[in-house]
Every structure is written in C-alpha cells, then in structure tokens.
Amino acid sequence: MNKMSVTVDALQNAVAVLDRQARVKALNSAAQMMWGSTVAHAQGVTIGHWFEHDETLSKLLQHMAHGKNEVCRGVLRLLRVQDEMTDSVLVHVIVSPVHESAFLGQVDSYCLECHQLGAYENASQDAQWRAQMQNHQLLMRQLAHEVKNPLGGIRGAAQLLQNELEEVAPDLMEYTEMMIAQVDRLKHMVDQFLVPYRQGLAQMQVLNIHVVCESVYRLAQIEFGTQLELIRDYDVSVPDVRGVSDYLQQLLLNLVQNAAQAVLRGAQGAPKVTIRTRVVRHCVVNQIMHPLMVELSVMDNGPGVAPEIYDTLFLPMVSQREGGTGLGLSVAIQIAQQHGGTIEVNSRPGHTQMRVLLPLSKDNRNAKG
C-alpha cells in the first residue's frame, strides 16, 4: 500500500483518489462502505460504475480530464448494491486537485470526497418540491385550527372520567392521567402550528434524548401491546441535545407508529420495531458540516417504502396505509428541521430505517471540539 492510500484510509469521510481519467487509485474504508465496494474491485474502475450519468457527472469528468486546478462541487446520485438489492442515494461531492509530481501546477490526481444527503435534502434539490412543501405546510396550519377545538372536549371528558375513577377504580387513573398529558401535548403542538416558528425555539433546553425515547417506548407498548416486538438499542454515551421535549416526543412517536403500522401490514418474519441511538461523525445537514451529531433511528422489518411515493414521502396526505392522513412524517420532518436536523430514509423490503440526525447541545459541541 502506497503512502497516499494510507493517508486516505485514515480519513473518516468517504474519500477516493482518482486519476485524470476518473479511475480509482485509492478508496478509504468509509468510501468502501458508502459505495458498497472493496479496494480490490474498485481499483482501475471509472467512477461512472457507481454514479448515475448526468450533466453534473459529465462536467466533473471533463474537469479532471483537462487537469484543471480548481475545486469542483456537485450533487450526484450514487448507485450501489447491498444484500443483492440495488438502491441509490444523493451525495454531495467535492473534487480537489492533488499534486504528486515535482512540476509546479501539474495535476496528477484528484481527491473525490462524498457526503450523503438526507432524504429531505434529496427532495429539496427540486425547487418545485420546495414550493409544494410550503403549500402543504399552509394546509397543515388550517387543519390545526380544526383539530384544536375537539382536543378541549377530549380533555374535559378525560378529567370527568378521572374524577369518577378516583373513588371506584384508582388503579386505572394512570391511564386517564396519560390521556390528559397526551391531549395537553397535542394542544401544545397544535398551538405551535398557529404561531410564528421562532416562538417554539425559545422553549428549547438541554435534554437527554433517552428520556424522550422511554416516553415513546411506553406509549407504543400501550398502543400496540403484544402485536409486535418493540426493541430498545441505546448507546448510553450519547450526549445531550438541545430541543423541545414535546416536539421530539411527537417526532419519534410518529416514526414509531408508522413503523408499527408497516410491520403489522406485512413483516418479513416476526414483526419488530427498534428504537436506536448512536453518535455519528461528519454529517452534512442543511449544507452545514457537523463533526458530531446524535442519530435517533427507528427501524422495522416491514414491506419497505413504495417506490412511487419515495420522493414525496414527507408531504402531507401521502400515505401507504389505507385511511392514513400522511401527516405523521410531514410533522416529523418539520420538527427535525426546527431543531437544526433532518431525517434520512433507507428502505428496502424487510428493512426500513428512519434516521433522525440532531445537532449536539452547544455545551457538548464545545466539549467535543
């Protein structure tokens, strides 16, 4: 292994070294995982083997063929095969010149750095999609007006029921307390759709994401009971995030409910939903590079996202479930965005992962930096 290969492999970002014909000379471990290829199979192969041929790729190939000395950027669609299934993701690529020879200014190779974009950012490449999203958000505010009044009636009924249970069945009051708490949380959420966005940010505080996870886990147990296996896979070293607890609980609950409904429609094996937390490095979210982020994933072994709705997955009224409103994921992506994060989707039959990426709290960013 030459010196360049060793240097590239030490990098944590997905990086490949290419010659001027765009053939792979070196590929680090992160790129091997992202591309689904080994160094042995990749060496000498042009990047057209992995990336969809479009105008952006043609420009990058010409840039390298002419030996240009500038940095070039673009968004490409990466095609890869995993477990005999082909999937594609959008990646932001940065092509930088590498000077190996003694001749000043001569470009011998190029460094290709890849950053996977989130599902929302993938769709946001399309200006028409962004306009459509804004129209749907307006519709959601109108729906919030309609939802607010019935919530007051539900809360009042739950309080009357709680007063009756206090004398005849105090052991059941736990459920009415939960009903009232959830109605209050929903009312708070509805209120936030009806007021300026920045008012919600003022309520942010440092919080432990696992407290949110446990609240959602308990709610899901009550809702779905023994119909499926609900698994917790927490990394206890995950640092705190800054956010609004009610918002994040709603985000995670929506994802868990979607996953549970999917596996109950048809799972590969016994129906399972997993809530997982991790710390991830070097993520590009909203065109900002984050050295560290908190990853909050909901995974299921259901049928996967239907290809025909994949690109509109986060729009309201888009649902795979008969009778579904399609509001759950739309609310979830808005909450993730309000927290400076995003949601990525990786789906195939038998495995769907909704991956929420959230920035660390300011204190933790300073400590880690």
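Here the structure is shown first, and the text comes after it.
Residues numbered from 1 in each chain as written. Predicted model: local features only at pLDDT ≥ 70, side-chain atom pairs only at ≥ 80, totals over all residues. Heavy atoms only, no water.

A.B. asks: Looking at this structure, how should I read the overall build of the protein?
C.D. replies: For the protein, the count of helices and strands is 12 helices and 12 strands. Taken across its 369 residues, the protein has 45% of its residues classed as buried. (Helix = DSSP H or I, 4+ residues; strand = E, 2+ residues; numbered from the N terminus. Buried < 20%, exposed > 50% of the residue type's maximum accessible area, 1.4 Å probe, protein only.)

A.B. asks: Help me out: how do you make sense of the sheet that holds strand E11 (residues 342-348) in this one?
C.D. replies: Consider a sheet: its strands pair through backbone hydrogen bonds, and that pairing is either parallel or antiparallel. Reading across from one edge, E7-E9-E10-E12-E11 is the order of the five strands in this open sheet, with mixed pairing throughout. With partners counted over all chains shown, the strands left at the sheet margins are strand E7 (229-233) and E11, one partner each. Strand-to-strand twist of the sheet, defined as the mean angle between neighbouring strand axes without regard to direction, takes the value 25°. Sheet topology places strand E10 (residues 288-300) next to strand E12 (residues 351-359); eight bridges connect them, and they run antiparallel. (Pairing = 2+ DSSP bridges. Axes fitted to C-alpha atoms, helices over the stretch in contact; angles between N-to-C directions.)

A.B. asks: In this structure, what is going on with the pairing of E11? I would like to understand it.
C.D. replies: Successive side chains on a regular strand alternate, one facing one side of the sheet and the next facing the other. Of all seven residues that make up E11, five are buried, and the element is covered over most of its length. Hairpin remark: E11 followed by E12, antiparallel, with two residues in the connecting loop; positive phi at Gly 350, about 95°.

A.B. asks: What's the story with a nonpolar patch on the surface in this structure? I'm lost.
C.D. replies: Where nonpolar side chains cluster on the molecular surface, the patch consists of Leu 172, Tyr 175 and Ile 222 and spans about 270 Å² of accessible area. Looking at the element boundaries, Ile 222 is found in helix H9 (residues 209-224). (Patch = residues over 30% accessible without salt bridge, like charges linked within 9 Å, V, L, I, M, F, W, Y side chains within 5 Å. Areas by Shrake-Rupley, 256 points an atom, 1.4 Å probe, with all protein chains shown as cover. Salt bridge = Lys/Arg side-chain N within 4 Å of Asp/Glu carboxyl O.)

A.B. asks: Explain the pairing of E10 to me, please; I cannot follow it from the model alone.
C.D. replies: Of all 13 residues in E10, 10 are buried, a share of seventy percent or more. Of the pairings in the sheet, the one linking strand E9 (residues 272-285) to E10 comprises 12 bridges and is antiparallel in character. Across the sheet, residue Thr 274 finds its bridge partner in E10, namely Met 299.

A.B. asks: I tried to follow helix H4 (residues 55-65) on my own but got confused; where do I start?
C.D. replies: Within the sequence span of H4, burial applies to Leu 57, Leu 60, His 63 and Met 64. Along H4, the residues classed as buried sweep out an arc of 120° about the axis, all on the same side. Projecting away from the buried face of H4 at angles above 90 degrees are the exposed residues Glu 55 and Lys 59. Taking the backbone nitrogen of Thr 56 as reference, a side-chain oxygen 3.2 Å away marks Asp 54 as the first, capping residue of H4. Phi turns positive, to about 65°, at Gly 67, one or two residues after H4. (Arc of directions from axis to C-beta. Polar contact = N/O pair within 3.5 Å; in protein donor to acceptor, adjacent residues only side chain to side chain.)

A.B. asks: I keep staring at the nonpolar core and nothing clicks. Help me out?
C.D. replies: If you look at soluble globular proteins, the nonpolar side chains tend to sit buried side by side. Grouped together as the largest cluster of nonpolar side chains are 49 residues, with contacts concentrated most on Ile 209, Leu 248, Leu 252, Leu 255, Val 256, Leu 313 and Ile 343. Counting only elements with at least two residues in this core, the list comes to H9, helix H10 (245-265), E9, E10, helix H11 (328-338), E11 and E12. It is H10 that contributes the most residues to this core, 10 residues altogether. Setting aside residues up to four positions removed in sequence, Leu 252 forms contacts with Val 212, Cys 213, Val 216, Ile 275, Leu 296 and Val 298. Counting 27 residues, the second largest nonpolar core, distinct from the first, contains Trp 35, Leu 60, Met 64 and Val 95. (Core = buried A, V, L, I, M, F, W, Y, C linked by side-chain atoms within 4.5 Å. Contact = heavy atoms within 4.5 Å.)

A.B. asks: Explain H9 here, please?
C.D. replies: Structurally, the α-helix is built with 3.6 residues per turn, so residues lying three or four positions apart point the same way. Here H9 spans 22 Å end to end across 16 residues, near enough to the 22 Å set by a 1.5 Å rise per residue. Turning to H9, its buried residues number three or more, namely Ile 209, His 210, Val 212, Cys 213, Val 216, Tyr 217, Leu 219, Ala 220 and Phe 224. Where H9 begins, the side chain of Asn 208 points an oxygen toward the backbone nitrogen of His 210, at a separation of 2.8 Å. Gly 225 sits one or two positions beyond H9 and adopts a positive phi of about 50°. (Expected span 1.5 Å × (residues − 1).)

A.B. asks: Is there a simple way to explain unusual backbone geometry in this structure?
C.D. replies: Of note, Ala 22 is a non-glycine position whose phi angle comes to about 65°, a positive value. Within the secondary structure, Ala 22 sits in the loop between strand E1 (14-19) and strand E2 (24-27). Given a relative accessible area of 1%, Ala 22 falls into the buried group.

A.B. asks: Sorry if this is basic, but what is going on with the environment of Leu 248 here?
C.D. replies: Structurally, the position occupied by Leu 248 is in helix H10. For the pair Leu 248 and Ile 335, spaced 87 residues apart in sequence, the C-alpha separation works out to 7.1 Å. When sequence neighbours within four positions are dropped, the list of residues in contact with Leu 248 reads Leu 207, Ile 209, Val 212, Val 241, Ile 335, His 339 and Leu 358.

A.B. asks: Just checking my understanding: could you explain the side chain of His 339 for this structure?
C.D. replies: Secondary-structure assignment places His 339 in the loop between H11 and E11. Residue His 339 is classed as buried on the basis of its relative accessible area, which comes to 6%. A polar atom in the side chain of His 339 sits 3.0 Å from the backbone nitrogen of Val 244. If near-sequence neighbours (up to four positions away) are discounted, His 339 is found in contact with Met 204, Arg 242, Gly 243, Val 244, Tyr 247, Leu 248, Leu 358 and Pro 359.

A.B. asks: How do you make sense of the packing of aromatic side chains when you look at a structure like this?
C.D. replies: Pairs of aromatic rings are described using the distance from one ring centre to the other and the angle between the two planes. A complete count under the given rule lists two aromatic pairs for this structure. Ring plane angle 45° and centroid distance 4.9 Å describe the contact between Trp 35 and Trp 50, whose orientation is recorded as tilted. Within this pair, whereas Trp 35 is found in helix H2 (residues 29-35), its partner Trp 50 is found in the loop between helix H3 (39-42) and H4, the two being separated by 15 residues in sequence. Each of the two residues, Trp 35 as well as Trp 50, counts as buried. Taken together, the aromatic side chains of Trp 35, Trp 50 and Phe 51 make up a single cluster linked through ring pairs. The ring centre of Tyr 217 lies 3.9 Å from the NZ or CZ of Arg 232, which sits over that ring. (Phe/Tyr/Trp six-rings, centres within 6.5 Å; stacked < 30°, edge-to-face > 60°. Lys NZ or Arg CZ within 6 Å of the ring centre and 35° of its normal.)

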